[in-house]
Amino acid sequence: MLASPEVHTYLGGPRPRDELEREMSGVPERWPGSLVVDLDGAMIGQILLRRATGHRRPAAVGKADLGYLFLPRAWGLGYAAEACAAALGWFDGVLPGEPVVLTTQTANLGSMRLAAKLGFTEVERFQAWDAEQWLGLRSPVAPSTRARPFL
């Protein structure tokens, strides 16, 4: 996935496979907020939810940042929307009331549609990596205030 020209069209281009194989360990490390999306036992994507501590845009700093990569064979089939919605649902349960940001190139129409479907709204547009970028914010989901029945 990291060597795919299609996957990295809007991410600065792919990295050479031999370079990736030299740099990556044979056994994946545990990384909180890194989720694998599988279909019938095969990895089709990855979702990252991490704190945006070093983000280029002040509006994003300190907020949770959603990122995702999917193999081209999984594009347009709803897997990204389903997986990202599930990840955001999990996040809302763990950190209720926390806002989430997402950055994508405006030229990445599929990612722009996904951001809208997930409830992100535009905060700003800016230039970076020789392209127009879009920063969206998903407002915090209020913690549940439903009364619990007394037993």
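Look a little higher up for the structure.
Draft legend 1. Inspection of the overall build of the chain at higher detail. Of regular secondary structure, the chain possesses three helices and six strands. Ordered by position from N to C terminus, the α and β elements of the chain give α-β-β-β-α-β-α-β-β. For the chain, the proportion of contacts with a sequence separation of at least 24, taken over those separated by at least 6, is 52%.

Draft legend 2. Just helix α3 (residues 109–117), in detail. For α3, the set of buried residues is Ser-111, Met-112, Leu-114 and Ala-115. Seen along its axis, α3 keeps its buried residues to an arc of 160°; they face one direction. Away from the buried face of α3 by more than 90 degrees, exposed residues Leu-109, Arg-113, Ala-116 and Lys-117 are located. Elements that come into contact with the buried residues of α3 comprise β3 (64–70), α2 (79–94), β4 (100–105), β5 (121–128) and β6 (131–138).

Draft legend 3. Summary view of the packing of aromatic side chains. Within the structure shown, the criterion is met by zero aromatic pairs. Between Arg-57 and the ring centre of Phe-126, over which it is positioned, the NZ or CZ distance is 4.5 Å.

The rules behind the values
- Residues numbered from 1 in each chain as written.
- Predicted model: local features only at pLDDT ≥ 70, side-chain atom pairs only at ≥ 80, totals over all residues.
- Heavy atoms only, no water.
- Helix = DSSP H or I, 4+ residues; strand = E, 2+ residues; numbered from the N terminus.
- Contact = heavy atoms within 4.5 Å.
- Buried < 20%, exposed > 50% of the residue type's maximum accessible area, 1.4 Å probe, protein only.
- Arc of directions from axis to C-beta.
- Phe/Tyr/Trp six-rings, centres within 6.5 Å; stacked < 30°, edge-to-face > 60°.
- Lys NZ or Arg CZ within 6 Å of the ring centre and 35° of its normal.

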